[in-house]
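Listed below, chain by chain, are the residues.
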Amino acid sequence: MNLKKFVALATCAIASHAGAADTIKIGLLTVDSGPFTFIMRHVTEPTALAVELFNAQGGALGRKYEIVAQTYAGPPAAAAAAVNRLVKQEGVSFLTGFNTSSSALVLGPQLASLNALLIDSSTAADELTGKNCQANYFRVSMTDSMNMNALRAVAKQSGAKTWDLLMPDYATGHDFAKRFTSLVQAQGGTVQATLFAPMATTDFGSYITQLSTKPADALAIVFPGSTGVMLSKQQAQFGLFSKYKTVVSAFFTNDMVIDAQGDSTVGVYAALGYKWEMPGEHNAAFVKAFEEHFKRKPTYLDADAYQSMELLNAAILKARSTDVAAVRAALSGLKMTTVVGDVEMRAADHQLLRPIALVQVTKAGEGKGAITLRSVEPIARIADPASPECRL
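None of the values given here were measured: they were computed from a predicted structure.

Per the secondary structure count, the protein chain includes 14 helices and 15 strands. At 20 Å, the protein chain has a C-alpha radius of gyration in line with the 21 Å of a compact globule built from 392 residues. Seen through its C-alpha atoms, the protein chain measures out along the principal axes to roughly 65 × 45 × 40 Å. When the 392 residues of the protein chain are sorted by exposure, 58% land in the buried category.

If you want it as structure tokens, here you go:
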């Protein structure tokens, strides 16, 4: 089947799989409404590419992979309903795709009773591999702590003594605010204002006004997706970012939204799980194949979705089985090279130890910005020890 046609079918509903009882089914979760809708292609396309390439090599254990896609509206309850449908009605044992941290907190405790594994490629809240870790939950995306550790040097080099924080009012935003406040205090600074806005905010005027009245030396901001685009454009009208010496961000500006943001985020620093220029022959081959298929460079979400499949495939081959318990044991402690480099799925908490990219937005012409790679941050610099609160 033509890959693009396959992706289009996979994003709509449960893929047709009659007569495919011998395939290894991959339950693919995607959000089809709200500010995360634009992410759908960054989940379906890399997963479809991985399936195509693995199947071209014979699949795993003599069986081909098959994507069984399920969309949901976004809230945690909808995510739980989607997972239950995939497992109970479609016979899926292995799940991946897009989740928010709030959804993953709900899904994690259900996985053992469903006898299913979730390889999460999109969440960041530390508690998911901390006090709320689960035996059947594995995460490949970078955590808030990794993000924070990558931004630590930027914060120190900025010389800022006071900071303002603008965060979304959900798990990742609160987690980031708590950790960034600790970072600032450890460097001898203070947080002047911390503002939380709902993820569904469309008018940031009141928040921009509050920050503009008496701006601190520097600003830290977290707002993903289309909401982040709206915020970037609205702040530009007031020149908010220009009032700060330094602006650092998480899940705010990246390759997926930079065209929509234009030059409104020039100068902003961000930590990303991946940038397509990262070194290594393995990544170069992935970028080439991805660009040939989709006529664009892979983003960090594309890379994390793809490496989720790389890890699952390697675990199945290592286990020589698709039994959930056997694959779980094979994933735990697994070391390999993925598109981001050499990685390890830490056995203690099921968090992937992996390098990440530090980037900055630069001017790329009139009204345009570009995501520019500043450094590749190694595991030793960004990874905290496993939380003692995790009990697997």
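Here the narrative resumes.
Bringing the sheet that holds strand β14 (residues 356-363) into the picture now. The mixed open sheet is built from 7 strands, whose spatial order is β7-β6-β8-β9-β10-β14-β15. Each edge of the open sheet is held by one strand with a lone partner, namely β7 (190-197) and β15 (369-377). Shown here is a sheet whose adjacent strand axes are inclined to one another by a mean of 20°, direction ignored. Contacts between helix α6 (residues 144-158) and the sheet are confined to β6 (162-168), β9 (246-250), β10 (269-272), β14 and β15, with β9 contributing the most and set at about 180° to the helix.

This part takes up the sheet that holds strand β12 (residues 341-345). An order of β11-β12-β13 is seen for the 3 strands of this open sheet, with the pairing classed as antiparallel. Of all strands in the sheet, those bounded by a partner on one side alone are β11 (335-338) and β13 (352-353). Strand contacts of helix α12 (residues 300-319): β11, β12 and β13, with the helix running at about 140° to β11, the strand carrying the most contacts.

On to the pattern of salt bridges, then. Between side chains of opposite charge, a pair can form when the charged atoms approach closely. Taken as a whole and assessed by the stated rule, the structure comprises 12 salt bridges. In this structure, the salt-bridge partner of lysine 275 is glutamate 277, at a minimum N-O distance of 3.0 Å. The salt bridge partner of aspartate 302 is arginine 296, with a shortest N-O separation of 2.8 Å. Taken individually, aspartate 302 and arginine 296 each receive the classification buried, so the pair is uniform in this respect. Here the salt bridges share partners, and the residues they tie into one network are Arg41, Glu45, Arg296 and Asp302.

All told, the structure shown has 1 disulfide when counted by the stated rule. Here cysteine 133 pairs with cysteine 390 through a disulfide, and the sulfurs are 2.2 Å apart. Looking down the S-S bond of the cysteine 133 and cysteine 390 bridge, the torsion is 105°, so its handedness is right-handed. Residue cysteine 133 is found in the loop between β4 (117-120) and β5 (137-139), and its partner cysteine 390 is found in the segment after α14 (379-382); the two are separated by 257 residues along the sequence. Judged by its relative accessible area of 8%, cysteine 133 is buried. The buried category is assigned to cysteine 390, whose relative accessible area is 8%.

Turning our attention to α6. Spanning 15 residues, α6 covers 20 Å between terminal C-alpha atoms, matching the ideal 21 Å at 1.5 Å per step. In α6, a bend of some 35° at leucine 151 exceeds every other bend along the element. By the criterion of burial, α6 is predominantly enclosed, with 11 of the 15 residues buried. The set of residues buried in α6 consists of Asp144, Ser145, Met146, Asn147, Met148, Asn149, Ala150, Leu151, Val154, Ala155 and Ser158.

Of the two faces of β4, the one holding Leu117 and Ile119 and the one holding Leu118 and Asp120 are both buried throughout. Relative to β4, strand β3 (residues 94-97) is paired through 2 bridges, and the arrangement is parallel. Following the sheet pairing, leucine 95 is matched in β4 by leucine 118. In this structure, β4 lies alongside β5, joined through 3 bridges in parallel fashion. Its bridge partner lying in β5, leucine 118 is registered against tyrosine 137.

Between α12 and helix α13 (residues 324-331), the least distance of the axes is 8 Å, while the angle of their chain directions is 110°. One way to sum up the angle between α12 and α13 is to call them roughly perpendicular. The handedness of the crossing between α12 and α13 is right-handed. Across from Leu311, Leu312, Ala315, Ile316, Lys318 and Ala319 in α12, the residues of α13 making contact are Ala326, Val327, Ala330 and Leu331. Residue composition of the contact of α12 with α13, by class: 9 nonpolar, no polar and 1 charged.

This prediction gives the protein chain a mean pLDDT of 92; 95% of its residues lie at or above 70. Overall, residues 1-20 carries pLDDT values under 50, and its contacts beyond four positions in sequence, including any with other chains, amount to 37 contacts.

Rules behind the numbers
Residues numbered from 1 in each chain as written. Predicted model: local features only at pLDDT ≥ 70, side-chain atom pairs only at ≥ 80, totals over all residues. Heavy atoms only, no water. Helix = DSSP H or I, 4+ residues; strand = E, 2+ residues; numbered from the N terminus. Rg over C-alpha atoms; globule rule 2.2 N^0.38 Å. Buried < 20%, exposed > 50% of the residue type's maximum accessible area, 1.4 Å probe, protein only. Pairing = 2+ DSSP bridges. Axes fitted to C-alpha atoms, helices over the stretch in contact; angles between N-to-C directions. Contact = heavy atoms within 4.5 Å. Salt bridge = Lys/Arg side-chain N within 4 Å of Asp/Glu carboxyl O. Disulfide = S-S within 2.5 Å. Expected span 1.5 Å × (residues − 1). Bend = angle between axes of the 7 residues up to and from the residue. Parallel < 35°, antiparallel > 145°, perpendicular 65-115°, else oblique. Left-handed = near helix turned anticlockwise from the far one by under 90°. Nonpolar A, V, L, I, M, F, W, Y, C, P; charged D, E, K, R; others polar. pLDDT = per-residue confidence, 0-100.

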